[in-house]
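Coordinate inspection notes
The chain contents come next:
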Amino acid sequence: MKKMNTEINIVASGTGGQGIILIAQILGMVGIKAGYRVRIGEIHGVSQRGGSVVSFIRMGEEIYSPTFPLGKADFMISLEPLEALRALKYMSPEGVVILNTRFVLPNTVKIGDYACPGLDQIIGAIKKTTREVVYLDATQEAMKNGSPLTMNMVLLGVLAGNKHFPIPLSAVKEALMEAIPKKSLEMNLNSFDAGVAFS
Amino acid sequence: VVKRNGKDADGDRIMMLGNEAIARGAIEAGVQFAAAYPGTPATDILETLAGFSKEHKFHAEWSVNEKVAFEKAMGVSLLNLRAIISMKHAGMNWIADPLSVSVLGGTRGGLVIVTADDPNCHSSANEQDNRFYGMFFKIPVLEPSDPQEAKEMTREAFELSERISLPVILRSVTRVSHSRGDVLMGEITQKARKRVAFEEDPARFYLTTSRSLSRHFWLIQQQEAIKKEVESSPFNQLAHQGEKTVLFTSGIAYTYVKEAIKLLNPTEKVGILKIGIVYPLPALHVKKVLEKVDLVLVVEEGDPFMEMNLKAIASELEKPPRILGKMSGHVRYGGELTIDSVIESISDLLHLSFPTQKNQKNIQEAEKLIPPRTTTFCAGCPHSATFYVLSKIQKDMAKKMKQKVVFLGDIGCYSMGNQPPYKIGDVKYSMGAGIGVAEGIAEFSDHKVIALIGDGTFYHAGFPGLLNAVYNGSNLTLVILDNSITAMTGMQPTPGTGMTAMGVKTTTVRMEEIIKGCGVEYLEVVDSFDIKRLEEKILDSFEHRGVSVVIARNLCAIELKRELQKAGKKPAVYRVNKDLCKKCLLCLKSFSCPAISQSADTILIDESLCLGCGVCQKVCPSEAIELSG
């Protein structure tokens, strides 16, 4: 395990039901195994009805709060492009954003009350704020492995394989294997590996 | 990652949700009875406990409401057994009545009341600081700052309750209940589930006027014992090395203070006092601290509760320090604290500057692109169909009769009916309040008045209002949106489901019988997806003078999906026939199902989301929606 400076802050964003909590739990387990203090901040409830969901994942030697200040996230995993914009305020200028390009259109766009920005526009806007943006159609990638529901594992793979991510790939994989029930493990692992390959 | 509480051994370090840690603390303490009514952010406490109830041989239940949960827990305590009840902050308002009297008699077995407050209204209709209930009823309040402490404090709360013969409040907030952290497991005490005899003591527990008065004197006297406990509590960290400025804090706010100090790294030393038992404050210790300092900043989540109590203590000093906080405008008041807001408070106090990140300006630009995202009903949700009908009735009544229908909302998924495109809902307060408010409006206006309530809320708080409406002759329609589950909080059973929290089959209480029992003459039960009949019956009810009830019933879409999955079945889904579709967008803009969307040249139904309710087909004026495959 590489030595961390002081802490890693990760923000995960998306919409209700996309599998953010599982990403957070796996990363939390990674932190605990590495002997760090771990804190995860999440919001349940109304957010489950297709609303915006954001989760804060923190690990390090000295961690107290389940959330972190604006501009302090080292990494973002966003399961949906619009939600990446919404959580962008937490990103550090030195951070890395990992983005699923598949939209989940809000009702306000569907009924024509609001316009939706294009993907290029979103990626361009994110690029101005942080070090690196890695984007892919993770949903498409997950479908190749049997289920669009494992899209979250594709993105987790991209994070684990990113050269700036300070935790060894094997540690993330180990936690994933522990967290996911045997029945659906293979499918999830394949999606994870696809993410790693992409990174 | 499953909820592994009870299984993990003493000494293991595992990741837990704050609410799971509270449940684990109760299991470690040998809890014998646990009850709750679902409510975010508290629901997972009883869910976790119910999951381990068989293994650790205790009783867990979803009670019909918080008041009954508390009363039952009190009965258990009188048998000298340990009980815990958990609720969202609003639940405390329900237990206030029985709690107010029962504290006079006091408890036998440890009784812990967990309240999960929801600053920032993440999933609540109000912000409420339940620490005041401790002060109101003269019982201690413990406030954990993280999952580990949540477990330790829950465990200790049972002991404390037994030492002082009073219930103890554990006050969590969303950011503690719904945060995960590494928690070191402790030993589980398993208390036997046994039959015990009730030991009579009417002088203590049969509370009538004179006895109540004498027991109030007992309660006042008992405060001395509580004060002693508080002065020596390890949860209060008052160590402090003579700095002139101290931050006085508790709970989640303590974690923000620690993070803020870490980031600000002030050259001037600042003392941090962390309070674990926030009511009553350890006055003797606090006085000693206050004597030595010039400036105190109180950083706490919720109302300025400690700030007020601290000022009362300071008033006894010859030279009290300046005490700042929410009352003085130095700490954010309303909404929830954040590390950023606490950094701002502390840096203002110490005249420090904390630079914002250089990317924030570009981020603000990027944020201008974001369309708002509202929560929605699920694809196949029976409520969507009901709100489509209600919305149609509202428009038709306005057009044809020049009359506004007044809609009273209530608590549950169907609260979202006020969002576009339905926009149904004029007033919504708290559990079951809709019917009562409807009665008031119906009494003195000529509007058609429709109160809406879900099945869970109806069983919780709906029928006293209904009974009153019948008894006092109101003229209104009650539409019950019955999706046969407590959906909003995550699929808990209701008395109408015939299932308990522990997964045991029980009597199914049919709401029709309750409604008829209340004396309602007009009662219609309609399939929510039969939108034509639903509209007819609601319009019909307007012709009926008195209280009319229309039950719009079909299963929650999430539950249906689970049932289909279990049975290995796929729903018969719908598709759009492009040749017939005139792109009137009615299905999208009036009905609004998440499975339906618009692409450049056509309307699409996402077959992976469609549950086959068929309402879009009924809504379509061009007969362009058909069964797929």
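Residues numbered from 1 in each chain as written. Chains lettered and ligands numbered in written order. Predicted model: local features only at pLDDT ≥ 70, side-chain atom pairs only at ≥ 80, totals over all residues. Heavy atoms only, no water.

**Details of the overall build of chain A**
What counts, and what does not: A run of DSSP states H or I qualifies as a helix once it reaches four residues; a run of E qualifies as a strand once it reaches two. Both are numbered from the N-terminal end. All radius of gyration figures rest on C-alpha atoms, and the globule criterion is 2.2 Å times the number of residues raised to 0.38. Burial classification: accessible surface area is computed with a 1.4 Å probe over protein chains only, and a residue below 20% of its type maximum counts as buried, one above 50% as exposed, and the rest as partly exposed. Accessibility throughout is a Shrake-Rupley quantity obtained with a 1.4 Å probe, and a residue counts as covered only by protein chains that appear here.
The helix and strand tally for chain A stands at eight helices and six strands. For chain A, the succession of helices and strands along the chain, N to C, is β-α-β-β-β-α-β-α-α-β-α-α-α-α. For chain A, whose C-alpha radius of gyration is 16 Å, the value lies close to the compact-globule estimate of 16 Å for 199 residues. Along the three orthogonal principal directions, the C-alpha set of chain A runs to about 50 × 40 × 30 Å. Per-residue burial for chain A yields a buried fraction of 62% across its 199 residues. Summing over all exposed atoms, chain A offers an accessible surface of approximately 7,200 Å²; the carbon and sulfur share of this is 53%.

**Focus on the sheet that holds strand β6 (residues 141-142) of chain B**
Residue and element names in this part refer to chain B. Heads up, the rule is: The criterion for strand pairing is that DSSP finds at least two bridges linking the strands in question. Here a residue-residue contact requires only that any non-hydrogen atoms of the pair lie within 4.5 Å. All axes are obtained by fitting lines to C-alpha atoms, using only the stretch in contact for helices, and the reported angles, taken between N-to-C directions, cover 0 to 180 degrees.
The strand order across the open sheet formed by seven strands is β3-β2-β4-β5-β7-β6-β11, and the pairing between neighbours is mixed. Here the strands that pair on one side only, and so sit at the sheet edges, are β3 (59-62) and β11 (277-279). Bridge count between strand β2 (residues 33-36) and strand β4 (residues 83-88): four bridges; the pairing is parallel. Paired with Ala34 across the two strands is Ile84, which belongs to β4. Seen against the sheet, helix α2 (residues 43-52) touches β2, β3, β4 and β5 (111-117) and runs at an angle of roughly 140° to β3. Those strands touched by helix α4 (residues 89-105) are β4, β5 and β7 (168-173), and its axis lies near 130° from that of β4.

**Some words on the packing of helix α6 (residues 151-161) of chain A against helix α8 (residues 182-198) of chain A**
Axes are the key here: two packed helices are described by the angle between their axes and the distance separating the axes. All names here are of chain A. Put simply, the test is: Roughly parallel here means an angle under 35 degrees, roughly antiparallel means over 145, roughly perpendicular means 65 to 115, and every remaining angle is called oblique. It is the rotation of the near helix from the far one that decides the hand of a crossing: anticlockwise by less than a right angle makes it left-handed, clockwise makes it right-handed. By the convention adopted, Pro, Cys, Tyr, Trp, Phe, Met, Ile, Leu, Val and Ala count as nonpolar, Lys, Arg, Asp and Glu as charged, and the other residues, Gly among them, as polar.
Packing of α6 against α8 leaves a shortest axis separation of 6 Å and a crossing angle of 40°. What the angle tells us is that α6 and α8 run oblique. Helix-helix and strand crossings are classified by hand; for α6 and α8 the assignment is right-handed. Residues Met153, Val154, Leu156, Gly157, Val158 and Ala160 of α6 form the contact with α8, whose participating residues are Asn188, Ser191, Phe192, Gly195, Val196 and Phe198. Looking at the contact of α6 with α8 residue by residue, the class counts come to eight nonpolar, four polar and no charged.

**Overview of a positive patch on the surface**
All names here are of chain B. The condition is simple: Patch construction takes residues with relative accessible area above 30% that form no salt bridge. Like charges are linked within 9 Å, and nonpolar side chains (Val, Leu, Ile, Met, Phe, Trp, Tyr) are linked within 5 Å. Here, a salt bridge means any Lys or Arg side-chain nitrogen found within 4 Å of an Asp or Glu carboxyl oxygen. Positive: Lys, Arg. Negative: Asp, Glu. His and the chain ends are not part of the count. Here the site of a charge means atom NZ of a Lys, CZ of an Arg, CG of an Asp or CD of a Glu.
A contiguous patch of positive charge, built from Lys395, Lys399, Lys400 and Lys423, is present on the exposed surface. You can see Lys423 is positioned in the loop between β14 (405-408) and α16 (433-444). Assessed through its relative accessible area of 54%, Lys423 is described here as exposed.

**Remarks on the interface of chain A and chain B**
Put simply, the rule is: Two parts placed together each lose some accessible area under a 1.4 Å probe, and the buried area is that loss summed for both.
Facing 63 residues of chain A, the contacting portion of chain B comprises 58 residues. Here chain A meets chain B over a buried area of about 5,400 Å², counting both sides, of which 58% is carbon and sulfur. For the pair chain A and chain B, the interface holds nine salt bridges. Asp182 of chain B is paired through a salt bridge with Arg37 of chain A; the nearest N and O atoms lie 2.8 Å apart. Looking at the side of chain A that touches chain B, the elements with two or more residues in it are β1 (7-15), α1 (20-33), β2 (37-41), β3 (52-60), α2 (81-87), β5 (91-100), α3 (107-110) and α4 (119-127) of chain A.

**Notes on the side chain of Gln18 of chain A**
Residue and element names in this part refer to chain A. Operational definition: Two N or O atoms count as a polar contact when they lie within 3.5 Å, although within protein this holds only if one can serve as hydrogen donor and the other as acceptor, and sequence-adjacent residues are included solely when both atoms are side-chain atoms.
Structurally, the position occupied by Gln18 is in the loop between β1 and α1. One polar contact links the side chain of Gln18 to the main-chain amide nitrogen of Thr15, over a distance of 2.9 Å. Looking at Gln18, its side chain comes within polar contact range of the main-chain oxygen of Leu79, at 3.4 Å. In this structure, Gln18 is in contact with Leu79, Glu80, Val104, Met151 and Asn152, ignoring residues within four places of it in sequence.

**Regarding the packing of helix α7 (residues 169-179) of chain A against α8 of chain A**
All names here are of chain A. Across the interface, α7 lies against α8 with an axial gap of 11 Å and an inter-helix angle of 160°. Between α7 and α8, the angle falls in the class roughly antiparallel. For the element pair α7 and α8, the recorded crossing hand is right-handed. Contacts between α7 and α8 involve Leu169, Val172, Lys173, Leu176 and Met177 on the former and, on the latter, Leu185, Leu189, Phe192, Asp193 and Val196. Grouping the constituent residues of the contact of α7 with α8 by class yields eight nonpolar, no polar and two charged.

**Side note on a negative patch on the surface**
Residues and elements named next belong to chain B. On the surface, Asp527, Asp530, Glu536, Asp540 and Glu543 cluster together into a negatively charged patch. Sorting elements by how many residues they give to the negative patch places helix α19 (residues 531-543) first, with three residues. Mapped onto the elements of the fold, Asp530 is located in the loop between β17 (522-527) and α19. Judged by its relative accessible area of 31%, Asp530 falls in the partly exposed class.

**A closer look at unusual backbone geometry**
All names here are of chain B. Across the junction of Thr40 and Pro41, the peptide omega takes the value 10°, indicating a cis bond. Secondary-structure assignment places Pro41 in the loop between β2 and α2. Of the consecutive residues Pro420 and Pro421, the connecting peptide bond is found in the cis state with omega at 5°. Note that Pro421 resides in the loop between β14 and α16. A positive phi angle, near 65°, is found at Asn80, a position not held by glycine. Tracing the sequence through the fold places Asn80 in the loop between α3 (66-78) and β4. Residue Ser165 is not a glycine yet carries a positive backbone phi of 55°. Within the secondary structure, Ser165 sits in the loop between α6 (147-164) and β7. Since its relative accessible area comes to 21%, Ser165 is described here as partly exposed.

**Comments concerning the confidence of the model for chain B**
Condition: Within a predicted model, pLDDT stands for the predictor's per-residue confidence, ranging from 0 to 100.
The predicted model of chain B has a mean per-residue pLDDT of 94, with 98% of residues at 70 or higher. Overall, residues 1-6 of chain B carries pLDDT values under 50, and its contacts beyond four positions in sequence, including any with other chains, amount to 22 contacts.

**Points about the side chain of Thr457 of chain B**
All names here are of chain B. Positionally, Thr457 belongs in helix α17 (residues 455-471). For Thr457, the side chain forms a polar contact with the side chain of Tyr414, separated by 3.2 Å. Filtering out sequence-adjacent residues up to four positions away, Thr457 remains in contact with Tyr37, Asp410, Ile411, Tyr414, Met431, Gly432 and Gly462.

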